[in-house]
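Observations on the model geometry
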Amino acid sequence: MTLIDTDDQRDLASSVKRFVSGQAPMAAVRKTIASEASFDPDVWRRLSQELGVAGLPIPEQYGGAGASWSDLVVALRELGSGLVPTPVLATSVLATGTLLALDDEEARATWLPRFAEGTAVGTLAVSEGARSPWAVADSTCVVEDGTVTGTKTAVLNAAEADVLLVTTASGVVLVEKGAPGLTITPADALDLTRGIATVTLERTPGRLLAGDAAAAVDAVADLANLALASEQAAATKACLDMTTEYAKIRYSFGQPIGIYQGVKHPLADIYTDWALTDAAIRKASESLAEGSETASLDAAVARHLASSGYVEAAKQTMLLHGGIGFTWEHDAHLYYRNAITGNVLLGGPAAQQDRIAQKLGV
Amino acid sequence: MTLIDTDDQRDLASSVKRFVSGQAPMAAVRKTIASEASFDPDVWRRLSQELGVAGLPIPEQYGGAGASWSDLVVALRELGSGLVPTPVLATSVLATGTLLALDDEEARATWLPRFAEGTAVGTLAVSEGARSPWAVADSTCVVEDGTVTGTKTAVLNAAEADVLLVTTASGVVLVEKGAPGLTITPADALDLTRGIATVTLERTPGRLLAGDAAAAVDAVADLANLALASEQAAATKACLDMTTEYAKIRYSFGQPIGIYQGVKHPLADIYTDWALTDAAIRKASESLAEGSETASLDAAVARHLASSGYVEAAKQTMLLHGGIGFTWEHDAHLYYRNAITGNVLLGGPAAQQDRIAQKLGV
Amino acid sequence: MSTDEFRAKALAWLQQNAKPFDDNEPSSGGATIEESKAFQKGLWEAGLAGITWPKEYGGQGLGTAEQLAFNEVAADFRMPVGPFVIGLGMPAPVLLEFGTEEQKKRHIAPMLRGDEIWSQLFSEPSGGSDVASLQTSAVRVEDGWLINGQKVWTSGAQFSDFGAVLVRTDPTRPKHQGITMFIVDLHHPGVTVRPLVVATGDAPFNEVFFDDVHVPEDAVIGEVNNGWAVAVAMLRYERVTIGTGVRARANPLGYDALVELVRARGLDDDPSVRRTLAQVYARESAMRSYSAVLHQEAKAGVPIGARGSAAKLAGATFPLWVSDLVQEIFGEEIALQTRDTLPIARSILAAPGGATAGGSNEIQRNIIAERVLGLPKDAGVDKNVPFNQLKLSK
Amino acid sequence: MSTDEFRAKALAWLQQNAKPFDDNEPSSGGATIEESKAFQKGLWEAGLAGITWPKEYGGQGLGTAEQLAFNEVAADFRMPVGPFVIGLGMPAPVLLEFGTEEQKKRHIAPMLRGDEIWSQLFSEPSGGSDVASLQTSAVRVEDGWLINGQKVWTSGAQFSDFGAVLVRTDPTRPKHQGITMFIVDLHHPGVTVRPLVVATGDAPFNEVFFDDVHVPEDAVIGEVNNGWAVAVAMLRYERVTIGTGVRARANPLGYDALVELVRARGLDDDPSVRRTLAQVYARESAMRSYSAVLHQEAKAGVPIGARGSAAKLAGATFPLWVSDLVQEIFGEEIALQTRDTLPIARSILAAPGGATAGGSNEIQRNIIAERVLGLPKDAGVDKNVPFNQLKLSK
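Keep in mind that this is a model prediction, so the values were computed, not measured.

Thoughts on the overall build of chain C
Per the secondary structure count, chain C includes 13 helices and 10 strands. The globule rule puts the C-alpha radius of gyration for 394 residues at 21 Å, and the 22 Å found for chain C is close to it. On the principal axes, the C-alpha backbone points of chain C span a range of 75 × 55 × 45 Å. The proportion of buried residues among the 394 residues of chain C is 52%. Nonlocal contacts in chain C, meaning residues at least 24 apart in sequence, comprise 72% of its contacts between residues at least 6 apart. When the accessible surface of chain C is split by element, carbon and sulfur atoms take 52% of a total near 16800 Å².

Here it is in C-alpha cells:
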C-alpha cells in the first residue's frame, strides 16, 4: 500500500493547482459568490474538458479517464484548498458513484459521458433531514405509477442539476431537470461556495434504476466521505498556511505574533491533526482503490478526522487573525462556513462516529 | 442569596486550615497512606471533637452543631485542599444525610450523637456498579426475614464503618459492623487517600429503616454532589497554586517557565474554570441551605464542573511539573488519583450530566 | 429623598415611558436615533441620568445606593439607550476624571440630555490587542493639531457627534509615551465614516478615516503625550460595560434557546443530546453565578482586580465551544440556515469576533496569569524603544 | 548473499531462537539480563547484529536493504534485547560517528556481542526539557577529569556497564559551549544508582549520583566542550528509537483493549460508548497511518525533518485524551482498579510521564511551529550568557 503520491498524481495536482490559481483564485470565487450562480459553468467545463477532472473516476467506455478514486482525491485536494465552487462532489462523486454502483446500463450510457465532458450536472438526493442523511430503506419517498413523491433536504447543486438520483424505499429513481412536480428551493446556505437546495417531488415522473440501492448508497457514502475529507483536509492546510503566514508578518508588542507560544501551540496542534488526517486520507484512498475490506472504515475515519479538524482549524484561523479575521473581506469566514457545512453535510459528527462503530463491528 | 463566606464561615475555614497544616500536612497524609489504615483515627476524633467538623450538619438535639450544609462545605474545602484522609464524606454526608432524610428516630438517636463526637464511622452502601451508582428501586439487594443479601461496590470507608446503611429495593437497611454474613473486601483503590471496599451481604441481619428510601437517597445524592464538588474545587485550587508556585521558581532556557504562554495559558484556563466552579458551588450551597427548588440542579451542576475541572487541573499539574511531577515523591499523582476517583465515584460524568438533564426536566 | 423613594420614582417613570423586557423578543430593540435621543432626554428630565455625577455638570449628585436601585429596577425594562451606552459609559467618566472644567461643562450635560452622541476611537487595523502601537498621527499646526490616519471597529461612528480619539503625537518616544487623546468633532469634513462588513454579513462597526482633520489646542483630554494613561482609564470603564450580561434567552447559543429547538424536534429523547444540553446549562449557569459572586464581592468592598478577565474569557469561549456542540445536535440544519437555525449560524460566525473584541482570549489569559496568578510578565521588547524604531504590522 | 537469502537466514535463525510475537501476551517480556546477553550474543554470532556497521568494529558491513529485511522479519518475533536497545540505538552510532579509533575498537564489538550494556545519562533534576542547562560538572585533574553531580531518568543504569554522560566542563562559557560527553564506567565506586519510583509505584528509571568519579583523558567522546553537538546527534538517534511503535494490543488505553472490556460489559449497546470507541479507533488508526507515511517518505528519500515531533506529540497526547474517555466508559471500575481496569489506571498515571519523556508537549509544539511551520524562534535570553551567570532552577 503506497501512501505517497505517484508521479502521475503529482502532475495532476500541479495542473489543477495551476488551473485554480490562474482561473479560479479567491477573487474569482468571490465573484461567483456575489453572483446568482453557485458555481462558474465555464470553470467547470474547462476543468472537465482541459484537465479531465469530472471524468477521472468515469470508466473509459463512458468517456472518462478510467482513473482511480485516489486520483480524483488528488484533484479534490487542490479544489478544496481554494474553495473553488464546482459541482464535482455532486456530479463526479455522488451521481457518478451511484450510477457506477447500481446496475443500470442505460442510465450509465446516457449520463456518464455528459458528466465526463462537463456538459451535465448530476446529483444525489438522499438526505431526509439531519437524523436521516442517507435515507434508502427508511426513506419516506414513495414510488407509485412511475412517479416519485417526497422531500429531500440538503441536495447539492440541485438547482443546476440536469439529473437527480432520488433514493426511495423502492430504490433509486432517476428524475430529470424540469420534470413536472419537481420543485427546487435553494437554501440560504451557510456555505457561500456550495449550492444546496431542498427538493420536493409531487408525483414527479422518474425511472426506477436497476441495482441494489442500499448497497450502492453505502458504497457512495464511502466515496463521499473520502471526497469530502480530501477537500476538508486541503482547506485545513490552507487555513493553517494562511494563519502561519499572517503570524509571521503581523506584529504585536514589537514582535511577530508567531513568536508567542499562545499562537505557536495552537498552530502546532492544527498541523499535527492535519498530518494525521492527511495520512488517514491516504490510507482510505488506497484502501478504496485496492478494494480493501477496511475501505468503508478507513473512509469514515478519514472523514471524521477531516471534518472535526477543519472546523477547529477554520475557527482558530478566524481567532488568530484577530479583528481582521472577522471581516467580510477576509477569507477566514468563507473557510469557516465551508468547514461547518462539510461537518454536518451527508451525516454529521455523530453519524460519522456511528458509521465507524458499525464498520468496526462494535 | 449570599455567595460569599460569612464571618463565621471564614473563622471555621481558618480553624480547619490551621488544623490541617498543623495536624494533617502532606507529610502526615503520606504516613497514613503508607500505613494499613485508610485514615488516622486520631485526626478524625480531634477534627470532630475540637473543631466539631463531623457534627456540623447534625442537629443540636443529636449532639451536633446544627449548622447548615454550607458550613460543612466550608470545612470540606480545607480538608479537600490538603487531601486529608477522613471518613467525613462517608459519615457526615452520606450516613448522616441518609438518616436525616429518612424517618427513623431510633436510628438517628443511636448513631448521630456518635457520629458527631467522632466515635463512630457510618457509611452508605448504595452503588451496584458503574451503571447503577445510586441503586434503590432497581437494587438487586434483597431483604428477607430481617436479613439482607446482595453486593455493593465502591463503598466509602466500609472497612472502618461501625454502621452501614444499605439501600435495597425494599428500603434502607441498617447493618452493624461485624454482623454475620457481612464481608468487606477493600479495593486496590486508585485513590490513596480514600478507603473504598466492596461489601457483600449474605443473609446479614439488618433493620429496615422507616422513611421513603428513594427520596432520601435522591436528597443524599445532592449532598454528596455538593460535598464532593467542594473537596474537588479546593483540591483543584491546590493543584493550581502548587503549579503556579513551581512555574515561578522553575527555570528553563534561562527564564522561569511561568513566563512562557505555553504555561501561562493552561494555568489561566484552569483558574477560569475553577472560578466558575467555585461560584457554582457557592450557588448550590446556598440553594441547598435555603431549600430552593433548584437545589438538586445546582448541586449537580457544581459536581459536574468540579469533577471534570479537577481531573483536568490535576493532569495539567502532572504535565506542567515535567519529570518531577511524575515521581512518587511529588504530590501531583496523589491529586490526580483523587481527581479521577472523585470523577467516577457516586456516579461518573455521564451520570452527572443525566442528573442535570433530569433535574432540568429535559 | 430616600433610596426607596428614588427607586419608586424610577419605577414609576419607567413604567410610564419604557416597555417591559420580554425574554421572547429579540433584544435588538429597533428604536431610531431620534427615539433614543428623546428617551435619554426624558430620563434626564426625570432625574434618572447621571445619577452619581456632580450636579454642576448636569448629573444628579446622588450616591451608589441610588444607582444600584435604578439598575435593579431598570433591569426589567427595555430602554432604547443604545447610542448613548458608549459615550456615557466611557468618554463621559473619563472627561469627569481627566477633562478640563470647560470640557466637562461643554460636553457632560449634552450627553446626559441626549443631545450629543459620542464614540470611542482607539483600535487601528495594524494594532489588534496591542492598542498602544497605534499609528494615527497628530502634528502641531497653528492653533492646534492636524490628525491623519485610520481607526477601525468603531461602534456608532455613523451617528456620533464627537469621538474620543487616541493619536500618536510624538513618534520619537517609546510607544506608550507619545500618545494623546483628543476630542474630535466627527462632523468635520476630513472625517470619513465607512461601514465595516463582518463575517456575518452585517456592518455593526465602522472604519473611520482622518484626512487633515484640524482640532484646536483645547481638544486634548488630559495632557499631551499622556494619552495612554487616559486610555487605560477608559478601557477600565469599557471592561465594566462589556461585563454587563445580555439576557440568556436572547442568545441563540444559550441553553434556553437550544432546549426549545431540541424539544421541537423531539431530540430530548436522545441521551447524548440531553447530556450536551446539561453541559451547556452547567457552564452557562456557572458563568451567571460567577458574575453574581463578583458583584457581591464588589458590593462588599472586595477588590475584583483582574478577575473580570476570567469572566470575559469564559464568556468569549462559551459560544465557541457551543458552536461545535450545535453542529452535533442539529446537523445539516445549521448549514441550511432554516428560520430556526439561522440565528444559531449567525451566532457561530459572530463568536470569533466577540472573542476578539476587548482583547483576544490570549490577552485575557496573559492578564489572568500575570495579574491574578502573579506569574512573571514577559520582558517585552517594545517598552523602551522609540516608536519610530519599532517593527509594526503593515 | 542476496537480500532474499539474508532474509531467509534471519527468519530461520529467529524461528529457531526467538518466540513469535503474541498480541495477547503482555509485551514486557520477562527475560533476565543473562538471557538477554545470551540472545544478543547469538544474534551477533548468526551475523544479525550491527548489520550495517563496519566489519572492523564487529558489524556485518551490509546495506540498508539487509537491515530493512531483518526489521521486517523480526517484527513477528519477541526478541529479549531490551537491555541493549539504548546502547546500540544511541551511544553506539554516536561512537561510530564521533569516537576515536580506539573507542570504537574497544566498545562497539562488545556491545554487539552482548558483553557491554550501556546507558545514556543526559537529564538532570533541574533541567527538564532544557537539557543544556545541566549542572553535573567535570574538573580537570591529573590524568583526566573528576565528575560530580546527579543524573535522573536513566533507564537501565542498574545493569549497565558504561554510560555516555553529558557533563559541564567549562561554566564560564555560554551553556551550549561548555559541555563535554564522557564514557563513564558505571561500576566505578563513586557512582551510585538508585531506583526512581514514579507515580504508578514502579521504578522504571534511576537516579545516578557521581561523587568524585575519575575518568581518564581518553574518556571524552568527540572534543572537550563540544559535547552538545554530540548530544544533539544522540538525541536524533533517540527520536528514531522512541518513534518505534509498541503493538496496539499491548496498550490498555488503545482501541483493541478497550473494545474487549466494553464487550465484556455489554456496553457496546450504548451509543455514546460506541461513539467514544469510534473516536479512539480513528485517532489511533490515523497515528498508525501517519507513521507509515513517514516511513514510506523516508524510504523514498523525502526528508522527514522535524515532522517526527508531530508523531511524538500525537502519541503523547493520545493516552492523556483517552484517560478522560475511559472514566466516562468504565466509571467507578477505574477507581477500584479491578483486575480488568488496573492496567488502564496504571496507564492513566503513566501517561503524563510518557508525555514528558523525550521533551514535553510544549517543546514538541515549539519544534513543530518553528522547524515545520517556520514561525520565528523565541530570541531566548540564555544563548550567549556565560553559564555561571544564568538563572537556574534550584
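Regarding the overall build of chain A
Across its full length, chain A carries 11 helices and 10 strands. Its C-alpha atoms give chain A a radius of gyration of 20 Å, within 12% of the compact-globule value 21 Å for 362 residues. Viewed in the frame of its principal axes, chain A has a C-alpha envelope of about 75 × 45 × 40 Å. A buried classification covers 65% of the 362 residues belonging to chain A. Accessible area for chain A stands at about 11600 Å²; split by element, carbon and sulfur atoms hold 51% of it. Distance between charge centres in chain A, computed from 27 positive and 43 negative side chains, equals 6 Å.

Quick notes on the domain arrangement of chain A
Residue and element names in this part refer to chain A. The domains assigned to chain A are domain 1 (7-117), domain 2 (122-211) and domain 3 (214-360). Inter-centroid distance (C-alpha atoms) of domain 1 to domain 3 is 21 Å. Domain 1 puts 21 residues into the contact, and the matching count from domain 3 is 28 residues. Overall, the association of domain 1 and domain 3 removes approximately 2000 Å² of surface from exposure, summing both partners, and the carbon and sulfur fraction of that is 71%. Considering only the side of domain 1, the residues that lose the most area to domain 3 are Arg30, Leu83 and Leu89, jointly responsible for 28% of the buried surface there. Here Asp331 ties to Arg30 by a salt bridge, and the two come within 3.0 Å at their closest N and O atoms.

Describing the interface of chain B and chain D
Taken together, the contacts link 39 residues of chain B with 49 residues of chain D. Taking both sides of the interface into account, the surface hidden between chain B and chain D amounts to around 3700 Å²; carbon and sulfur atoms contribute 61%. Summed over the shared surface of chain B and chain D, the result is two salt bridges. Close ionic contact of Asp324 of chain D with Lys315 of chain B constitutes a salt bridge, the shortest N to O distance being 3.0 Å. The interface formed by chain B and chain D holds 15 residue pairs in polar contact (both at pLDDT 80 or more) in total. Listing elements by their share of the side of chain B that touches chain D, those giving two or more residues are strand E3 (147-156), strand E9 (251-252), helix H9 (295-320) and helix H10 (332-344) of chain B. If one sorts the elements of the side of chain B that touches chain D by residue count, H10 of chain B sits on top with seven residues. Of the residues in the side of chain B that touches chain D, the class split is 21 nonpolar, 13 polar and five charged.

What about the UniProt feature "domain: Acyl-CoA dehydrogenase/oxidase C-terminal" (unreviewed entry) in chain A?
Summarizing the sequence annotation, UniProt attributes the feature "domain: Acyl-CoA dehydrogenase/oxidase C-terminal" (unreviewed entry) to residues 226-359 of chain A in the numbering used throughout. The span residues 226-359 of chain A is 78% helical and 3% strand by assignment, and the distance between its end C-alpha atoms comes to 15 Å.

Describing the sheet that holds strand E4 (residues 163-168) of chain B
Residues and elements named next belong to chain B. A sheet is described by the order of its strands in space; here four strands give the open sequence E1-E4-E5-E8, paired in mixed fashion. Two strands bound the open sheet, and with one partner strand each, they are strand E1 (122-125) and strand E8 (207-208). Examined bridge by bridge, E1 and E4 share four bridges and lie parallel to one another. Paired with Thr123 across the two strands is Leu164, which belongs to E4. Contacting E1, E4, strand E5 (171-176) and E8, helix H6 (residues 105-116) runs over the sheet at an angle of about 55° to E5.

Considerations on the interface of chain C and chain A
Listed as interface residues are 49 residues of chain C and, on the opposing side, 39 residues of chain A. Here chain C packs against chain A, burying approximately 3700 Å² in sum over the two surfaces, 61% of which is carbon and sulfur. Looking only at chain C, the three residues that lose the most surface to chain A are Gln327, Glu332 and Leu336 of chain C, adding up to 18% of its buried area. Applying the counting criterion to the chain C and chain A interface returns two salt bridges. Summed over the shared surface of chain C and chain A, the number is 15 residue pairs in polar contact (both at pLDDT 80 or more). At the level of elements, helix H10 (308-330), helix H11 (332-336), helix H12 (342-356) and helix H13 (361-372) of chain C are the ones that each hand at least two residues to the side of chain C that touches chain A. Per-element accounting of the side of chain C that touches chain A gives the leading share, nine residues, to H12 of chain C. For the side of chain C that touches chain A, the class distribution of residues is 26 nonpolar, 13 polar and 10 charged.

A few points about the packing of aromatic side chains
Residues and elements named next belong to chain C. A full pass over the atoms with the stated rule returns 18 aromatic pairs over all chains. A centroid spacing of 5.4 Å and a plane angle of 80° characterise the contact between Trp153 and Phe205, whose relative ring orientation is edge-to-face. Separated by 52 residues along the polypeptide, Trp153 in strand E5 (residues 144-154) and Phe205 in strand E9 (residues 205-216) bring together distant segments of the chain. For Trp153, a relative accessible area of 24% corresponds to the partly exposed category.

So, the sheet that holds strand E4 (residues 163-168) of chain A
Ordered in space as E1-E4-E5-E8 (chain A), the four strands form an open sheet in which the pairing is mixed. Whereas interior strands pair on both sides, the edge strands pair on one side only; in this sheet they are strand E1 (122-125) and strand E8 (207-208) of chain A.

Here we look at the pairing of strand E7 (residues 179-185) of chain C
Within a regular strand, the side chains alternate between the two sheet faces. Residue and element names in this part refer to chain C. Of all seven residues making up E7, six are buried, and the element is well covered by its neighbours. Pairing analysis gives seven bridges linking strand E6 (residues 162-168) to E7, with the strands arranged antiparallel. The partner of Arg168 across the bridge, within E7, is Ile179. Sheet analysis places E7 next to strand E10 (residues 220-221), joined by two bridges and oriented antiparallel. Looking across to E10, one finds that Met181 is bridged to Ile221.

Some thoughts on the side chain of Asn206 of chain C
Residue and element names in this part refer to chain C. Take Asn206: it is sitting in strand E9. When its relative accessible area of 3% is taken as the criterion, Asn206 is described as buried. Here the side chain of Asn206 touches Gln158 through a polar contact of 2.7 Å, side chain to side chain. Discounting chain neighbours no more than four positions away, the residues touching Asn206 are Val152, Trp153, Thr154, Ser155, Gly156, Ala157, Gln158, Val193, Arg194, Pro195 and Leu196.

What counts and what doesn't
Residues numbered from 1 in each chain as written. Chains lettered and ligands numbered in written order. Predicted model: local features only at pLDDT ≥ 70, side-chain atom pairs only at ≥ 80, totals over all residues. Heavy atoms only, no water. Helix = DSSP H or I, 4+ residues; strand = E, 2+ residues; numbered from the N terminus. Rg over C-alpha atoms; globule rule 2.2 N^0.38 Å. Buried < 20%, exposed > 50% of the residue type's maximum accessible area, 1.4 Å probe, protein only. Contact = heavy atoms within 4.5 Å. Areas by Shrake-Rupley, 256 points an atom, 1.4 Å probe, with all protein chains shown as cover. Lys, Arg positive; Asp, Glu negative; His and termini not counted. Charge placed at Lys NZ, Arg CZ, Asp CG, Glu CD. Domains from an automatic or database assignment. Buried area = accessible area lost by both parts, 1.4 Å probe. Salt bridge = Lys/Arg side-chain N within 4 Å of Asp/Glu carboxyl O. Polar contact = N/O pair within 3.5 Å; in protein donor to acceptor, adjacent residues only side chain to side chain. Nonpolar A, V, L, I, M, F, W, Y, C, P; charged D, E, K, R; others polar. UniProt positions renumbered as here; feature names shortened; annotations may be inferred. Pairing = 2+ DSSP bridges. Axes fitted to C-alpha atoms, helices over the stretch in contact; angles between N-to-C directions. Phe/Tyr/Trp six-rings, centres within 6.5 Å; stacked < 30°, edge-to-face > 60°.

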